Amino acid sequence: MGDAFLDDLVKHGRSEFKVNGISYFGYQSQALIWRASEGKPPFSEKFMQVVGRDAIVFEKEKFQDRWAASKDAIGSALGSQQVPMADLATVLGVTEWMIPATASIGPAKQPVNQSPHRVGSAVIDDLFHAASSNAKSAQALLNHTPAGWKQSVLSYMLTDRLAAFQFHGNTDPFAEALRKATTGKDPVSLTLTTEALNTLKVHADKVFQPGDDNRLSIADRKLYDQLSFLRGPMGSALAAHIDQVYGTYITKSKGFDGLDKADLDRLLVLVSSDRDAAVELQAAEAARVVDRVNAHYPTSNEKGIKEQLIPEAKVFGHLVEARRLALLANAWNEEQAKKDVKDTLNSAFALFTSPIGALGTKVAGELGGLAGGKGAEFTFDRLSSYIANHMIQTSVTSGEALSTASDQNEMVDWLMQSAVISAKIATGEWSDEAMKDAKGSSYVTDDQPPKLKPIQEIIANPKTFDDFMEWARRHSTIESTSNELANTVHTARDKTHDNLNITGY
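Residues numbered from 1 in each chain as written. Predicted model: local features only at pLDDT ≥ 70, side-chain atom pairs only at ≥ 80, totals over all residues. Heavy atoms only, no water.

S.K.: Please explain the overall build of the protein chain as it appears in this structure.
M.R.: Looking only at helices and strands, the protein chain has 27 helices and four strands in total. If one aligns the C-alpha atoms of the protein chain with their principal axes, the spans along those axes are about 95 × 60 × 50 Å. Here the protein chain, with 505 residues, has 53% of them falling under the buried criterion. Counting contacts in the protein chain only where the partners sit at least 6 residues apart, residues at least 24 apart contribute 71% of the total. Between the mean site of the 53 positive side-chain charges and the mean site of the 64 negative ones, the protein chain shows a separation of 2 Å. (Helix = DSSP H or I, 4+ residues; strand = E, 2+ residues; numbered from the N terminus. Buried < 20%, exposed > 50% of the residue type's maximum accessible area, 1.4 Å probe, protein only. Contact = heavy atoms within 4.5 Å. Lys, Arg positive; Asp, Glu negative; His and termini not counted. Charge placed at Lys NZ, Arg CZ, Asp CG, Glu CD.)

In structure tokens, the structure reads:
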């Protein structure tokens, strides 16, 4: 309809109207259309640049004075809240009729709403709902600094306007838009992730402080709760940029600009308070491990691959300890935290090998090829990944790693061993001694000397596969480095404590 139509929407949005003696602005009525959007088709990037950005600026212009008053001495003493600009349905008290997929007002005996939030939705909530269906639209809103502002929209949402999200408790729209805007592989996603982390690190520093017992404590529970809806999307953002997580801890380059190791440790504790976020992060690091093994094994072999795994073990140590500290800071006891950390890792391995996980997606459809006897046609990376996926998935299903590992360190070590053994199997390079030891086994032929049967035949029979894996481990040298890898994970845990200035563990 042309740019003029968008300009007219802005004029209408800033205009004031009256209905039954109640005044409202055009944006408050337009917001109902945004809220009703199913994202098909999505609102365009141009729409968000013109109308969406102006709606954000308009709310701040109209409400910043009253927001400032709510934070002064009198407002704080009275427990004032940061009230956002409500959409028209909320203003008129008919929000139950206007929310898609929500039943209208029922009989008089319906349950009373016990939520501490005011029923309804803000104009900005509805706007981010519309923007969340498209990464470009979400980025158009967040990756922008309006004229006259000293901060971007993203920084504004995470600081000055943060408390306003709590008034209605309708936090999912912004959380989903933030996830969409930060989880791509494009430069804007990384820029927004870095900015969000640098903004949130100031909050995290206020939330987490050493307690009287020198353990990590939640010093500002109110702020901690306000940030709760950001843990999930920021977990997804960190998982999407796991290479930068690695860079921040290991290489001192290619990390997140503006963050040091202590900043990232504190942010990881904040994010890992959300179990799903912790699972997603650990699954992303598991993917890094397998990719690194597959990239280096053909030239490093078992003797050299240890040097590739030690830095990955360090990163894993920080990730699993962040989850444990988050639980302990929330008054979980040591045994509860230990069990959860192992369960979380197991869930991360399950996600990693699931149809939507990094490894599961990578080998999707490969089973048919292997079953058809085409194993020899697979590249090293494909075959190694397939075997690793099968090994890890089998262990997760049976609970092997969860039940046999004494702690999270051993579970991480088990994952790394699985990746290396899978790579060794994919190369097919076994010593004469190993093949002599395999003679008469179900996974080799009757030839003299025996040869391994096709991998698809070995995998097809669970008993044969178990026997084969026992033999493969026996003739692999990776287990000799297990203690070093497990110790590396443990050392990273101690480093986390040093970074957070806590000693009571």
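So, next bit.
S.K.: Could you clarify how one ought to interpret the nonpolar core in this entry?
M.R.: Taken as a class, soluble globular proteins show a tendency for nonpolar side chains to be buried jointly. With 82 residues, the main nonpolar core has W34, I56 and F174 as its most contacted residues. Look past the residues within four positions of F174 in its chain and what remains in contact with it is F128, L142, M157, L158, F165, F229 and L230. One finds A286, V363, A423 and A426 within the second-largest nonpolar core, a separate group that totals 58 residues. (Core = buried A, V, L, I, M, F, W, Y, C linked by side-chain atoms within 4.5 Å.)

S.K.: I'm lost on helix α27 (residues 482-499) in this one. Help?
M.R.: Every α-helix winds through 3.6 residues per turn, so residues three or four apart in the chain are directed the same way. Between its first and last C-alpha, α27 extends 26 Å over 18 residues, near the 26 Å set by a 1.5 Å rise per residue. Every buried residue of α27 is listed here: S482, L485, A486, T488, V489, A492, T496 and H497. The positive-phi residue at the C-terminal boundary of α27 is N501, with phi of around 60 degrees. (Expected span 1.5 Å × (residues − 1).)

S.K.: Before we go on, may I ask you to explain the environment of I22 in this structure?
M.R.: Mapped onto the elements of the fold, I22 is located in strand β2 (residues 22-25). Take I22: its relative accessible area is 32%, and that puts it in the partly exposed class. Expressed as a C-alpha distance, the spacing of I22 and V91, which sit 69 residues apart in the sequence, is 8.4 Å. Once residues lying within four places of it in the same chain are set aside, the contact partners of I22 are F17, V91 and L92.

S.K.: In this structure, what is going on with the packing of helix α16 (residues 261-272) against helix α17 (residues 275-329)? I would like to understand it.
M.R.: If you want to describe how two helices pack, look at the angle between their axes and the distance between the axes. At a minimum axis separation of 3 Å, α16 and α17 run at an interaxial angle of 60 degrees. Relative to α17, the element α16 is oriented oblique. Note on element contacts: α17 touches α16 through R275, A277, A278, L281, H318, L319, A322, R323, L325 and A326, opposite D265, L268, V269, V271 and S272. (Axes fitted to C-alpha atoms, helices over the stretch in contact; angles between N-to-C directions. Parallel < 35°, antiparallel > 145°, perpendicular 65-115°, else oblique.)

S.K.: Whenever I open this one, the packing of aromatic side chains confuses me. Can you help?
M.R.: Two aromatic rings, taken as a pair, are described by how far apart their centres are and by the angle between their planes. Counted under the stated rule, the structure contains 18 aromatic pairs. An aromatic cluster of three or more residues is present, and its members are F25, Y27, W34, F43, F47 and F58. Note that R288 overlies the ring of Y246, its terminal NZ or CZ placed 3.9 Å from the centroid. Here the guanidinium or amino end of K424 rests over the ring plane of W430, the centre of that ring lying 4.8 Å away. (Phe/Tyr/Trp six-rings, centres within 6.5 Å; stacked < 30°, edge-to-face > 60°. Lys NZ or Arg CZ within 6 Å of the ring centre and 35° of its normal.)

S.K.: Please clarify how the packing of helix α18 (residues 334-353) against helix α23 (residues 408-427) should be interpreted in this entry.
M.R.: One can describe the packing of α18 onto α23 by two numbers: an axis separation of 9 Å at closest approach and a directional angle of 20 degrees. Overall, the two elements α18 and α23 adopt an arrangement that is roughly parallel. The hand of the α18/α23 crossing is right-handed. Each of V341, K342, L345, N346 and F349 in α18 lies in contact with α23, whose residues at this interface are Q408, M411, V412, W414 and L415. The class makeup of the residues in the contact of α18 with α23 is seven nonpolar, two polar and one charged. (Left-handed = near helix turned anticlockwise from the far one by under 90°. Nonpolar A, V, L, I, M, F, W, Y, C, P; charged D, E, K, R; others polar.)

S.K.: In this structure, what is going on with the pattern of salt bridges? I would like to understand it.
M.R.: Proximity of charged atoms lets side chains of opposite charge pair with each other. Tallied over the full model, the rule gives 25 salt bridges. The partner of R179 in a salt bridge is E176, and the shortest N-O contact between them spans 3.1 Å. With R179 and E176 both in helix α11 (residues 172-182) and three residues apart, the pair spans about one turn of that helix. A relative accessible area of 24% places R179 in the partly exposed class. Here D291 ties to K362 by a salt bridge, and the two come within 3.4 Å at their closest N and O atoms. Here K362 lies in helix α19 (residues 358-362) and D291 lies in helix α17, a separation of 71 residues in the sequence. (Salt bridge = Lys/Arg side-chain N within 4 Å of Asp/Glu carboxyl O.)

S.K.: What is the right way to read unusual backbone geometry from this model?
M.R.: Most peptide bonds take the trans configuration, and most residues that are not glycine carry a negative phi. Cis geometry is adopted by the peptide bond preceding P41, which originates at K40 and carries an omega value of -5 degrees. Following the sequence through the fold, P41 ends up in the loop between α2 (26-36) and α3 (45-71). With phi around 70 degrees, A331 is a residue other than glycine that occupies positive phi space. For A331, the location among the structural elements is in the loop between α17 and α18. We classify A331 as exposed; its relative accessible area is 70%. One non-glycine residue with positive phi stands out, namely N501, at about 60 degrees. N501 sits in the exposed class, given a relative accessible area of 57%.

S.K.: I keep staring at the pairing of strand β1 (residues 16-19) and nothing clicks. Help me out?
M.R.: Regular strands place their side chains on alternate faces of the sheet. Relative to β2, β1 runs antiparallel, the two being bridged by four bridges. Each bridged residue has a counterpart across the sheet, and for E16 the counterpart in β2 is F25. (Pairing = 2+ DSSP bridges.)

S.K.: How do you make sense of a positive patch on the surface when you look at a structure like this?
M.R.: Where like charges cluster on the molecular surface, the positive patch consists of K252, K261, K314 and K495. As for its placement among the helices and strands, K252 is situated in the loop between α15 (242-251) and α16. (Patch = residues over 30% accessible without salt bridge, like charges linked within 9 Å, V, L, I, M, F, W, Y side chains within 5 Å. Areas by Shrake-Rupley, 256 points an atom, 1.4 Å probe, with all protein chains shown as cover.)

S.K.: Just to check I follow, could you spell out α17 for this structure?
M.R.: Along its 55 residues, α17 runs just 14 Å from first to last C-alpha, ending more than 12% under the 81 Å computed at 1.5 Å per residue. The largest bend along α17 reaches roughly 125 degrees and is located at N301. Among the 55 residues of α17, 40 are classified as buried, and the element is accordingly described as predominantly covered. In the stretch just after α17, A331 is the one whose phi turns positive, near 70 degrees. (Bend = angle between axes of the 7 residues up to and from the residue.)

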